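Next come the chains, spelled out residue by residue.
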Amino acid sequence: MNPPFYFSQSNMTLEQALNWLHMLGQVLDRLGEGVHIIDATGRTIWYNSKMEEMEGMNRQDVIGKAILDVFRFSDVSGSTLLDAIQKGKTTKNIRQTYFNNRGLAITTINNTYPLFLENDVIGAVEIASNVTKVERLQENLFKEPKATYTFEDIITNNSAMREVIEQARRTARTDSSVLIIGETGTGKELLTQSIHQASPRAAGPLISQNCAALPESLIEGLLFGTARGAFTGAIDRPGLIEQANGGTLLLDELNSLDPSLQAKLLRVIQERTLRRVGDTKDRKVDVRILATINEDPLQAVEKGKLRADLYYRLSVVTLLLPPLRDRRDDMPLLIQALIAKYNQLFQLHVKGLSPILQEKILAYDWPGNVRELEHTIQGAMNLVQGEEWLDIIHLPFYLRRKWQIGERPSTTSTIAPSLGDRAFDLRDQVEKYELSYLKEMLASHQGNISATAKALGMTRQNLQYYLKKYSLRDK
Ligand SMILES: Nc1ncnc2c1ncn2[C@@H]1O[C@H](COP(=O)(O)OP(=O)(O)OP(=O)(O)O)[C@@H](O)[C@H]1O
Ligand SMILES: [Mg+2]
């Protein structure tokens with residue numbers, strides 16, 4: 001056993017220092033916050049587990065590399081680390097939203113600090129906190145639930161979707177409970193609002209609650225209400241179910257609700273009565289229940305996350321919203337509608353997508369579905385400076401990285417900006433890359449357009465667009 005040591009002791013041996021570092025590394029990996037440390041030359045020396053999870057990167061791909069090589073199109077988050085080593089600048093509260101591999105929107109708040117040894121900057125650290133949960137909680141607590149969407153707002157060309165909408169229209173007239181199944185961002189909320197609006201309950205309230213957003217200890221009281229003295233400080237208060245009386249209650253992510261509460265909910269549906277927490281009497285309620293679930297309900301039943309009796313009760317009407325990747329015919333229509341929406345909102349005159357962006361968008365799987373698509377178009381339109389066509393350069397950083405645009409190793413050295421090159425222009429870099437890649441591909445296919453287009457995975461027409469853009473003649 002080594003003798004005990006303390007970090008502050010000046011005569012620490014090398015072995016003790018290494019041990020200390022080893023332990024510190026394990027501590028960093030157990031933190032709930034993302035940690036990214038670079039040295040004074042801009043190379044990553046630490047990238048903890050949480051950061052890997054948040055940014056969807058492996059640390060092997062990041063550690064030891066210049067951050068501008070890895071995060072090629074260095075935007076806000078990249079440059080704050082460089083600002084820290086180059087200018088000794090601290091940057092606080094930079095908010096970023098991106099979608100992880102499962103399509104969930106993650107919001108982080110990043111703080112970046114220079115690290116000093118006496119008066120010299122020897123590195124910098126970025127600390128990213130995932131605030132998604134907190135934000136969702138606030139949204140749920142403070143959002144005035146209001147049905148604003150109707151069936152007319154659902155944009156679709158897809159036959160499966162039209163069938164779902166038709167079925168939803170029919171069910172709107174009844175009082176049956178409905179189970180809506182669909183991945184995140186497929187329009188479940190849109191559909192429930194439409195059902196409520198088209199139902200005889202439209203004049204009544206529509207209350208929605210996400211079952212995953214609140215701690216279990218709170219949700220029972222919140223849903224079913226409390227009676228005075230149910231627990232310390234409890235007052236007589238109606239829950240959301242009672243507040244939805246005469247209207248509709250939407251229970252989002254029902255599979256996250258504790259099974260014992262699911263049983264209580266079943267009673268509300270079957271007997272139309274409920275009992276507040278700590279109360280002795282039952283109360284009558286007249287509420288229509290819509291529930292959403294973002295996984296296969298049969299699997300959820302099997303895993304014990306959804307009570308079978310509740311499932312069978314709810315599944316009388318089941319509406320299944322297909323993910324966007326299974327209705328690619330909807331993408332052009334949605335893109336068009338979203339561009340029109342943000343043209344109006346931002347006072348722009350964007351006409352559409354460049355051919356290469358269109359190809360990328362149509363080929364992508366969109367794990368965050370329509371929400372992610374909307375987020376992407378909105379973000380891209382934020383970066384428009386008078387251009388008429390959205391292009392790759394307008395994309396959010398995480399998509400450019402995911403689609404690995406500009407990531408060809410053979411040309412990396414010619415286009416990777418040097419660390420000191422602070423004024424490097426993103427647009428310039430992408431165009432340089434596109435041009436050199438096109439030239440290379442054309443040369444390797446003896447200038448044959450059809451063959452080159454095929455190798456690039458694009459249509460002849462799209463290749464012609466780029467040849468024109470870069471004044472490369474059709475030979
Ligand atoms: N078919 C559609 N037409 C127009 N907008 C849509 C369509 N589908 C989804 N959207 C838009 O996408 C966003 C996400 O939709 P919504 O909130 O209904 O998704 P959700 O299925 O409830 O997602 P989550 O499971 O994450 O709560 C909203 O801004 C909504 O207006
Ligand atoms: Mg929703």
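Structure's up top.
Residues numbered from 1 in each chain as written. Chains lettered and ligands numbered in written order. Predicted model: local features only at pLDDT ≥ 70, side-chain atom pairs only at ≥ 80, totals over all residues.

Student: Help me out: how do you make sense of the overall build of the chain in this one?
Tutor: Counting its secondary structure elements, the chain contains 20 helices and 14 strands. Evaluated residue by residue, the chain yields a buried proportion of 31% over its 475 residues. (Helix = DSSP H or I, 4+ residues; strand = E, 2+ residues; numbered from the N terminus. Buried ≥ 20, exposed ≤ 12 C-beta atoms within 10 Å, placed from the backbone.)

Student: What is the right way to look at unusual backbone geometry in this model?
Tutor: When glycine is set aside, most residues are seen to have a negative phi, and most peptide bonds are trans. One non-glycine residue, Glu-253, adopts positive backbone phi at about 55°. Tracing the sequence through the fold places Glu-253 in the loop between strand S8 (248-252) and helix H10 (259-271). In this structure, Asn-369 takes a positive phi of about 50° despite not being glycine. Checked against the element boundaries, Asn-369 lands in helix H15 (residues 369-382). Overall, Asn-369 belongs to the buried group, with 24 C-beta atoms counted inside 10 Å.

Student: How should helix H7 (residues 188-198) be read in this particular structure?
Tutor: Three or four residues apart is the spacing at which side chains of an α-helix point the same way, because the helix has 3.6 residues per turn. Among all positions in H7, only Lys-188, Leu-191, Thr-192, Gln-193, Ser-194, Ile-195 and His-196 are buried. Along its buried surface, H7 packs onto helix H6 (159-172), strand S6 (178-181), strand S7 (206-210), S8, strand S11 (288-293) and strand S12 (318-320). (Contact = placed C-beta atoms within 7 Å.)

Student: Is there a simple way to think about the pairing of S7 in this case?
Tutor: Of all the five residues making up S7, four are buried; the element is thus mostly covered by neighbouring parts of the structure. By the bridge criterion, five bridges tie S7 to S8 in an arrangement that is parallel. Each residue of the ladder has a partner; that of Leu-206, found in S8, is Thr-248. (Pairing = 2+ DSSP bridges.)

Student: I would appreciate a short explanation of the packing of helix H13 (residues 331-346) against H15 in the present structure.
Tutor: Two numbers describe a pair of packed helices, the interaxial angle and the distance between the axes. Packing of H13 against H15 leaves a shortest axis separation of 10 Å and a crossing angle of 40°. By the angle between their directions, the pair H13 and H15 is classed as oblique. The crossing of H13 and H15 is right-handed. Residues Leu-334, Ile-335, Leu-338, Ile-339, Tyr-342 and Phe-346 of H13 form the contact with H15, whose own contacting residues are Val-370, Leu-373, Glu-374, Ile-377, Gln-378 and Met-381. Among the residues forming the contact of H13 with H15, the class breakdown is 10 nonpolar, one polar and one charged. (Axes fitted to C-alpha atoms, helices over the stretch in contact; angles between N-to-C directions. Parallel < 35°, antiparallel > 145°, perpendicular 65-115°, else oblique. Left-handed = near helix turned anticlockwise from the far one by under 90°. Nonpolar A, V, L, I, M, F, W, Y, C, P; charged D, E, K, R; others polar.)

Student: I'm lost on the sheet that holds S6 in this one. Help?
Tutor: In any sheet, the strands associate via hydrogen bonds between backbone groups, in a parallel or an antiparallel arrangement. Taken in spatial order, the five strands line up as S7-S8-S11-S6-S12 in an open sheet, and their pairing is parallel. Every other strand in the sheet has two partners, leaving S7 and S12 as the edge strands with one partner each. Each strand of the sheet is rotated relative to its neighbour by a mean of 15°, with strand direction disregarded. Here S6 pairs with S12 via three bridges, running parallel. The residue bridging Ile-181 from the neighbouring strand is Leu-320, located in S12.

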